[in-house]
Amino acid sequence: MTRHLPVKEWWTAREIAEAALPDLPNSQQGVEAEAKRDGWRGHPTRARKREGRGGGWEYHWRLFPSSAQRKLIVEANAPEEPKSRPDRDEAWAWFDARPEHVKTKAKACLRIVQEVEALTPAVGKYLAVSMVARQHKISDRAIWSWFERVEGVRRDDRLPYLADRRGATTVKPTKAAVAAEFCDILKGLYMRLEGPDFRPAWRDAVRICRSLGREFLEYRTALRWYQANVRRTDDIFARKGIAGLRSMFPPQIRDRSTMTAMEMVTADCHKVDVFVWWPGIRTPVRVQLIAFQDVYSGKILAWSIDLNPNKIATMQTFMKVLRDYGIPGHCLFDNGMEFANKDMTGGAKHRFRFKVSEEDPIGILGMLGVGMTFATPGHGQAKPIERSFGDLAEDLAKDIRFAGAYVGNRPEAKPENYMSRAIDLGYFLEVVEERIAEHNAREGRNSHTARGRSFDEAFAESYQRTPIRKATEEQTRLCLMAMYVRKLQKTNGQITLYKNHYWSDWMSEIAGQTVTARFNPEDLHEGAYLYGMDGAYLGFAECRQKTGFRDIASAKALARENSRRLKEARKRLAELLPVKGKDIAAQLDALPKPEASLPEAVVVQLDRLSQLESQKMRGGLIRPALPTPDTSRDDELTVLQVDFAAARQEPKRQDPEVARFWRLLDIETRLKAGEDIPAPDAEFWGRLHTHPTYLAQREIYDRYGAQAIG
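Presented here is a report on the structure given in the accompanying data block. (Residues numbered from 1 in each chain as written. Predicted model: local features only at pLDDT ≥ 70, side-chain atom pairs only at ≥ 80, totals over all residues. Heavy atoms only, no water.)

**Thoughts on the pattern of salt bridges**
- For the coordinates displayed, the defined rule picks out 32 salt bridges.
- Asp156 is the partner of Arg154 in a salt bridge, and the nearest nitrogen-oxygen pair spans 2.7 Å.
- On the accessibility criterion, Arg154 (47% relative accessible area) is partly exposed.
- Among the ionic pairs, Asp399 bridges to Arg435, the shortest N-O distance being 2.8 Å. Residue Asp399 is located in the loop between helix H18 (385-395) and strand E9 (423-424), and its partner Arg435 is located in helix H19 (residues 425-441); the two are separated by 36 residues in the primary sequence. (Salt bridge = Lys/Arg side-chain N within 4 Å of Asp/Glu carboxyl O. Buried < 20%, exposed > 50% of the residue type's maximum accessible area, 1.4 Å probe, protein only. Helix = DSSP H or I, 4+ residues; strand = E, 2+ residues; numbered from the N terminus.)

Next comes the structure, spelled out in structure tokens:
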């Protein structure tokens, strides 16, 4: 049946603005101003205070302009079109993506609908709606509109249909869509490895768009658009590169519970934040702690102190591990040269230090059958010992017995008593030994292997039930030896190391061969042990002249996954930056350069001294003297002139190579002067001017002159 009057009689200012009626403002503030100007609230029957939460005023549609009234009547009499309703899967997917406040409001609407349905059998639906609306202080029409939304919908699917769907329709074109070219230029200026600030990039983008007559966004609008449309991973990859992107990848989780004691050890160096008196050095120094740790338990097995990380200290520390605990199954090393040295790891296929060569001698680890892995450079998470160094940095460096010698863990973290004291080396070693022992014996460790025990207890339990390979005296001795590859003297087989000559009679039989010499770098006079390039022991040479985590499959899988993420990030970055940086740079160069305007000084104030001199000069008291040229040294100035033609004639021409040189030089001089060259000379020049002899003679001539040619 056709309605002659609008369905909705009473309207709030917000509803009027949203209805976009003709001759009425489209904002709530504008409607309120219109109502105040026309005196709507003064009408006794067509204006009333709104009941329910929020309050405010409601206005009858008869107060609207005639054009607005006609539109409402036309809409009321128009045939109703069926509203398209999304299916249940689409509705629930949309509802799940809504913010929490929308979901909470929908749940409240559902409870009210259920209350009305519960009262309906007793009092009827109309009275039930009125009672529930009065109880919750809402309008009856709101409840009826909720029933319209869920009409024909299953009871268990009502919730998404009761949610407020404002904003779920097609989004109007935004300013960012209109200024798409500006956004592309802005991304190209901001998403760079140089990491510029957003505001300078926005200013340059505005300059370019203004010169081209394009639309652009205001600063805050552009910033909101960038934060809403550019993913954080893409932003970090574009501005911080691969290192920044990889920092967003979760680290690999390694399980040590499946390992055993001495199955793998890890080693690294740590610079202790304490000043120490080192023998032979007049100023206090910071020393290096070289430590080996059992990966399974976390126990520090052996340690050494030295001025700098070096292979001798590393091999001595590893010797302590062999002597006290046995041969480990695998070693996880830092990528420093002290661990990647060829004495230790020679023959390893993958190192981050030194050039890998087929002629490398087999290192100690290779001889003992110990596997080795090198941690990724610059990736501290790959080395479990870094966690222990973090504990020691706090417990050891800040020990009260080192008060005054602590230097701070950062340059800006120096204590007030900085460098007021230094510790004797002997006493320092005693405290280090005590602290490391306490570190190993401390109970309450929460690792997967310790489970509340100490590192010592976790290691001892596994060590007792694990077969351990013990090192022989000869194997332990190899750790004290430095190792160099040398070629024996081709006649008698003698070898020279650090100006010391080593030889035994059996070496004459292998004269000229390449061998590996192992020796004690702390006492070169002890002699050298010679090994073949395949690691076989050859014999002893006397000093004849004395002068003072193991899960490789998971690591590879993680590397592949990181590589895939890197490729996707590169692809997204290419799509995000359609405007190339060089194109933007060309556009900036094409812009007119702003001219700096300098203010012109109208009044100039002279200083007191300048005023006094000016007065004296005007009064004739001081006459400025003109500078006179100094000719006292004119006789000392001479001009050295060299007669190059005579110089070319002075050398003897008897030597054919010398004569050829002077002829080529003469032809070259004439060529540079632009003279015509006869055909024989041109053929002579073209044939010999690139000859190595001429090039060498020309270099000597340029450096030392004609007298050097002879």
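**Focus on the pairing of strand E15 (residues 537-543)**
- Looking at chain direction, strand E12 (residues 500-503) and E15 are connected through two bridges and run antiparallel. When the sheet's bridge partners are listed, Trp503 is paired in E15 with Glu542.
- Bridge count for strand E14 (residues 528-531) against E15 is four bridges, and the pairing is antiparallel. By the bridge assignment for E15, Ala528 is matched with Ala541.
- As consecutive antiparallel partners, E14 and E15 are separated by five residues, and within that stretch Gly535 has a phi angle of approximately 95 degrees, a positive value. (Pairing = 2+ DSSP bridges.)

**Some thoughts on unusual backbone geometry**
- With phi around 55 degrees, Ala20 is a residue other than glycine that occupies positive phi space.
- Relative to the helices and strands, Ala20 is located in the loop between helix H1 (13-19) and helix H2 (28-38).
- Accessibility expressed as a relative area gives 40% for Ala20, which makes it partly exposed.
- Positive phi, close to 60 degrees, is recorded for Lys137, a residue that is not glycine.
- For Lys137, the location among the structural elements is in the loop between helix H6 (125-136) and helix H7 (140-149).

**Digging into the environment of Asn229**
- Positionally, Asn229 belongs in helix H12 (residues 219-229).
- Using a relative accessible area of 44% as the deciding quantity, one classes Asn229 as partly exposed.

**A few points about H2**
- Of the positions making up H2, those classed as buried are Gly30, Val31, Glu34 and Ala35. Buried positions in H2, seen along its axis, are confined to an arc of 135 degrees and lie on one side of it. In H2, the exposed positions angled more than 90 degrees off the buried face are occupied by Gln29, Lys36 and Arg37.
- Tucked inside the fold, the buried residues of H2 contact H1 and strand E3 (57-60).
- Positive backbone phi, approximately 70 degrees, marks Gly39, located one or two places after H2. (Arc of directions from axis to C-beta. Contact = heavy atoms within 4.5 Å.)

**Remarks on the side chain of Ser462**
- Looking at where Ser462 falls in the secondary structure, it is placed in helix H20 (residues 455-464).
- Of the residues examined, Ser462 reaches a relative accessible area of 0% and is grouped as buried.
- Aside from chain neighbours lying at most four places away, what touches Ser462 is Thr260, Ala261 and Tyr296.

**As for the nonpolar core**
- Ranked by size, the top nonpolar core spans 32 residues in total, and within it Phe182, Leu186, Met191, Phe198 and Trp202 carry the most contacts.
- Mapped onto this core, the elements with two or more residues apiece are helix H10 (180-190), helix H11 (198-212), H12, helix H13 (232-246) and helix H22 (552-576).
- Ranked by residues supplied to this core, first place goes to H11 with seven residues.
- Beyond its immediate sequence surroundings of up to four residues, Met191 is in contact with Tyr226, Val230, Asp234, Asp235, Ala238, Arg239, Leu573, Leu576 and Leu577. (Core = buried A, V, L, I, M, F, W, Y, C linked by side-chain atoms within 4.5 Å.)

**Observations concerning the sheet that holds strand E2 (residues 47-49)**
- Overall, antiparallel pairing links the three strands, which are arranged E1-E3-E2 in an open sheet. Lying at the two open borders of the sheet, with one neighbouring strand each, are strand E1 (10-12) and E2. The mean inter-strand angle of the sheet, taken between neighbouring strand axes irrespective of direction, is 35 degrees.
- Bridging between E2 and E3 involves three bridges; their strand directions are antiparallel. Within the sheet, the bridge partner assigned to Ala47 lies in E3 and is Tyr59. (Axes fitted to C-alpha atoms, helices over the stretch in contact; angles between N-to-C directions.)

**Remarks on H13**
- Given a rise of 1.5 Å per residue, 15 residues ought to cover 21 Å, yet the end C-alpha atoms of H13 are separated by just 13 Å, more than 12% below that figure.
- Along H13, the sharpest change in direction is near 140 degrees and occurs at Lys240.
- For H13, the complete set of buried residues consists of Asp234, Asp235, Ile236, Phe237, Ala238, Arg239, Gly241, Gly244 and Leu245. (Expected span 1.5 Å × (residues − 1). Bend = angle between axes of the 7 residues up to and from the residue.)

**A few points about the packing of helix H5 (residues 100-123) against H6**
- One can describe the packing of H5 onto H6 by two numbers: an axis separation of 8 Å at closest approach and a directional angle of 135 degrees. One finds that H5 runs oblique with respect to H6. Note that H5 runs across H6; the crossing there is right-handed. Between H5 and H6, the contacting residues are Ile112, Glu115, Val116, Leu119, Thr120 and Val123 on the first element and Lys125, Leu127, Ala128, Val129, Met131, Val132, Gln135 and His136 on the second.
- Looking at the contact of H5 with H6 residue by residue, the class counts come to nine nonpolar, three polar and two charged. (Parallel < 35°, antiparallel > 145°, perpendicular 65-115°, else oblique. Left-handed = near helix turned anticlockwise from the far one by under 90°. Nonpolar A, V, L, I, M, F, W, Y, C, P; charged D, E, K, R; others polar.)

**Focus: the environment of Asn26**
- The topology assignment puts Asn26 in the loop between H1 and H2.
- Put simply, Asn26 and Arg14 are 12 residues apart on the chain and 8.9 Å apart in space, counted from C-alpha to C-alpha.
- Non-local contacts of Asn26, meaning those with residues more than four positions away in its chain, are made with Ala17 and Ala20.

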